[in-house]
Every structure is written in C-alpha cells, then in structure tokens.
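Understanding the architecture of this molecule
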Amino acid sequence: MSRPRICVVGGGLAGMAAALACADAGARVTLVERRRRLGGATWSFRHDGLWFDNGQHVFLRCCTAYRGFLERLGVGDRVQLQPRLDVPVLGPGGRVARLRRGRLPAPAHLGRSLLTYRHLRLQDRLRLVPAALALRRVDLDAVETDQQTFGDWLQRHHQSPAALDALWDLICRPTVNLPAREASLALAAMVFQTGLLTDAAAADIGWAAVPLGELHGEAGRRALERAGVEVVTGAPVTTVRQADGAFVAGAGGSERAADAVVVAVPHTGVADVAGVPAPAGLADRLGVSPIVNVHVVYDRPVTDLEMAAAVGTGVQFVFDRTAGAGLERGQYLAVSLSAADHEMGLSADELKGRTVAALAEIFPRARHARVVDALVSREPAATFRGAPGTRRARPPSLTAVPGLVLAGAWTDTGWPATMEGAVRSGHTAARHALLAAGHTRHLPEEVTV
C-alpha cells in the first residue's frame, strides 16, 4: 500500500500536532507555514539580550493532549507543573488569600479555600459552595447553555458583583478570555467542570520554564524533521484546489500535491486561502478577544513567588520569568491581561505606568526597586470571542469537501481557545485526513472532551 500524501497548512500547535500524527501513522507529510518560524500564537522575541514571550501561556494537569504533545516534541521536562494547585491571590493593602486544593476528592478539595477566601465577605463565601455544586450539574450539551452568559447564570445563583470580580473572573478571564458577564455559560461551565469540579488534581497549573520559541517552535521543527516531515516556512498558502483526483496547495509560487489537506490557520485567516469551504462569515461570527502582556524588569528581586493572581489592581496574573529570559541579576515579571479590550486602547506608556504602580502595590519590595526595562506585547486577535452563540459558530473539522479538513483551537473541540484545544483539533484533523486518504493504520485516537 502506498503512503498517503498529506499537506498541512499552518505551523501553529494545531498544525504541528496534525503533521506529527500523520507522520507517525506512516504518511508522507509536508507542513507549510507563512511565517519563518513555527509555533503560531506562541512565540518569543529577543530584546536587549533577554528572551520575552509574546504572552504567558499556561496549561493545567487535565490538558492531557498538550502534555502528550510536549513529550512528543521531547520537551516534557522543560515545563513546570505544580504538584498541587496553589495560587496566591493578592489584593490592595497587602491582603492575601490562596486558592489551593486540599486532600479531599473533588469538589470538596476546594471547600476550605472558598470558605476562607479573604477577598470576599463571609456572606459571599458561604454562597460560593452551592453555586459551585450547581455549576457541576450544568448540561454542557443543552442548546440553552450556550445561549446565556456565565454572569447571568451566576447572578441567578446568588453570586454578588464582588464575587464575580474577585473569584469567578479570576478563572473565567484567563481560560475563556472574557469576563463572566460576557462569556458563554457553555464554555465557562466546561472549564470549571473539567478543571475544578470533577478531578481534584485537574487544575494544577503548568507553564514553560524556557522561552516559548524554544519549547514549541524550535523543538517542533526538530521533531517534525526527525519524523520525516518536509517543513516549508516563509511560504503562505493562498489556494487549495482539486485536480486529477488529488489536492493541490499553492504556496510561494509553487504547488504541492496531496491526497488530503489539513488547513490549520487562525479563523481570521481561513478566508485568505481560496478553495477552503469555511462557513460564511466565520471570522465575524467568532470574533476576536485580545490579550495584552506587560513585561517589567527590576534591578533586584521584588517577590519570592513564582506566580500569583491579583484582584482589585491593574494586574490579573503575574509570573516570574527571570530564569527563562536569561536574566542573571534582578527579576523579570510578566503580567498577563486577558480579555484586554480596554487595555488595547491604552498607550504603551500608560500600560507600563499602570502596571508598575500595581506591582508596587502588591509587592512592597518593588517600591524600592528600580525598573530597568518595561515593554508591552499585544495580541489583538489572541483568541476567538467565547460569547453566547459561539458553539453554533465553531465549525467541525470535516468540511463539505472530502479530504479537506480544518484544525485550530477555534474549531468545535468543546474546549475554549487554549493550547489543549489546538492540539486536540490537530489530532482530530489528522484522523480525518488519513481516513480520507484511504489510510486506516496507526490512526490517532478519537478525541473527546
């Protein structure tokens, strides 16, 4: 039996996962990426001798597909994963609370943290547990679940505006990339059920110990080439057409024939590839939600925490990236601002000033440290906009053209726009592409939520 030819368009996590899965199944694979680097929305840049990531991308212990992807790239040892969920939550005036799991099974593992959560009044804390138990019972597949906001649902379950701001948004913002008042209940409930309310260990947090460009881009290229994948970068694919019983992908003035094609580009870029039958108005229907990151380098350490969340300040999450950046003296903190529509309208100087002031408020030592450098990175279209109605707008991997399949965190994975969702979509697309090419051996496992 001849080896099928698979062309993968796009070198982000979804594209790399699809290409590796197809190659592992025995296919001849070509991956074409318009940029000169791999990694898609996860990348790094060099500035004044230090490495900065475009954003602080994290994963959870329940992100099994992404963690398997890291192992496949050979970099499973280049990430940090908490042995037990433990998030210091800092507030104005030195007020500190912690979200950490205890030894009881889910969902009781969070009971102590919720009942002692110092950023809320006792009355609000007592209402958290019944709401969490009700959230565990939400039917993710019901049509009406995706037709309402998480905020409306929380309000009906007696959650105050203070509780939304100080607790529920702490989790909803970075995972759905929208505040609870705007997020789809279906997506938010999926996050809480999968990450916090079913398995006690699921929400342990992990992040890269090295620059993302090294973790994904460089390691991805090495893994692809070892697997025999032809990697072509700096060549945007502009057309995909059928000819003589095969597909032809036009890129960089040349064409490549394939038995099946995986299109793994952002949802905002699908329309740029002529011949791909994407749903009409896909980009407008899914929308975008931005993420802004503020990078601050101090002349001395200002905190002993590896990571922390903050409420009531201009900080959402902050990570110590000193070692990963290559900084030998001082400390580099990366501040991640999800659902950053407001921040996108601020100048870099405004963002830096606001962030430095907020860090000084939650880290007293920062008040006496000198800011050596500060810069801002923005991702205007970081993710699709996970608002009510999103599920109907997310297309499946299969298209109307047999053998032409879609991949990306924006497809109907059941997950929000996360690295886990991207990798899962790549595995699903690879399976469909191989089957369409008549290949039935060593298929990737079917992926479920």
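Structure first, text after, so check above.
Residues numbered from 1 in each chain as written. Predicted model: local features only at pLDDT ≥ 70, side-chain atom pairs only at ≥ 80, totals over all residues. Heavy atoms only, no water.

1. Description of a nonpolar patch on the surface
The following threshold applies: A patch consists of residues exposed above 30% relative accessible area that lack any salt bridge, with like charges linked at up to 9 Å and nonpolar side chains (Val, Leu, Ile, Met, Phe, Trp, Tyr) linked at up to 5 Å. Only the protein chains shown count as cover for residues, and all accessible areas are computed by the Shrake-Rupley method using a 1.4 Å probe. Put simply, a salt bridge is a Lys or Arg side-chain nitrogen that is within 4 Å of an Asp or Glu carboxyl oxygen. Secondary structure elements follow DSSP: runs of H or I no shorter than four residues count as helices, runs of E no shorter than two count as strands, and numbering proceeds from the N terminus.
A contiguous nonpolar patch, built from Leu 115, Leu 122 and Leu 126 and spanning about 290 Å² of accessible area, is present on the exposed surface. Mapped onto the secondary structure, Leu 115 falls in helix α3 (residues 111-115).

2. Observations concerning unusual backbone geometry
How we decide: Think of it in three bands: with a 1.4 Å probe and only protein chains considered, a residue is buried below 20% of the maximum accessible area for its type, exposed above 50%, and partly exposed in between.
Residue Pro 107 is bonded to the preceding Ala 106 through a cis peptide linkage, with omega at 0°. Positive phi is not limited to glycine here, since His 158 has a value of about 65°. Looking at where His 158 falls in the secondary structure, it is placed in the loop between α5 (150-156) and α6 (161-176). You can call His 158 exposed: its relative accessible area is 56%. Of note, the phi angle at Asn 177 is positive, near 65°, even though the residue is not glycine. Tracing the chain through its elements places Asn 177 in the loop between α6 and α7 (185-197). A residue is classified by how much of its surface remains accessible, and Asn 177, at 2% relative accessible area, is buried.

3. A short note on the sheet that holds strand β1 (residues 5-9)
Which entries qualify depends on this criterion: Two strands qualify as a pair provided DSSP detects at least 2 bridges between them. As a rule, the C-alpha atoms of each element are fitted with a line to give its axis, helices using only the stretch in contact, and angles between N-to-C directions run from 0 to 180 degrees. Contacts are residue-level and defined by heavy atoms, with any inter-residue pair within 4.5 Å sufficient.
Reading across from one edge, β10-β2-β1-β14-β20 is the order of the 5 strands in this open sheet, with parallel pairing throughout. The sheet terminates laterally at β10 (230-233) and β20 (404-406), the two strands that pair on one side only. Each adjacent strand pair in this sheet contributes to an overall mean axis angle of 15°, direction not counted. Along the sheet, helix α1 (residues 13-24) makes contact with β1, β2 (28-33) and β14 (260-263), crossing β2 at roughly 165°. Most of the contacts of helix α14 (residues 419-436) go to β20, to which it runs at about 175°, and overall it touches β1, β14 and β20.

4. Notes on the nonpolar core
Among soluble globular proteins, nonpolar side chains are generally buried collectively. Which entries qualify depends on this criterion: Remark: nonpolar core denotes a set of buried residues (Ala, Val, Leu, Ile, Met, Phe, Trp, Tyr, Cys) joined through side-chain atoms within 4.5 Å.
Ranked by internal contacts, the top residues of the largest apolar core, which has 71 residues, are Val 87, Tyr 117, Leu 135, Phe 150, Trp 168 and Val 261. The element contributing the most residues to this core is α6, with 9 residues. Val 8, Ala 18, Val 79 and Met 419 belong to the second-largest nonpolar core, a separate cluster that totals 52 residues.

5. So, the pairing of β1
Put simply, the test is: Classification remark: right-handed applies to a crossover when, strands pointing away from the viewer, the course from the first strand over the helix to the second runs clockwise.
Taking burial as the measure, the 5 residues of β1 include 4 buried ones, the bulk of the element. Taken together, β1, α1 and β2 form a β-α-β motif whose crossover is right-handed.

6. Some remarks on the pattern of salt bridges
This structure, assessed with the given rule, holds 22 salt bridges. For the salt bridge of Arg 61 with Asp 204, the shortest nitrogen-to-oxygen distance reads 2.8 Å. You can see Arg 61 sitting in the loop between β5 (58-60) and α2 (64-73) and its partner Asp 204 sitting in the loop between α7 and β9 (205-208), a full 143 residues away along the chain. The salt bridge involving Arg 241 is made with Glu 255; its shortest N-O contact spans 3.0 Å. In this pair, Arg 241 sits in strand β11 (residues 237-243) while Glu 255 sits in strand β13 (residues 254-258), placing the two residues 14 residues apart along the sequence.

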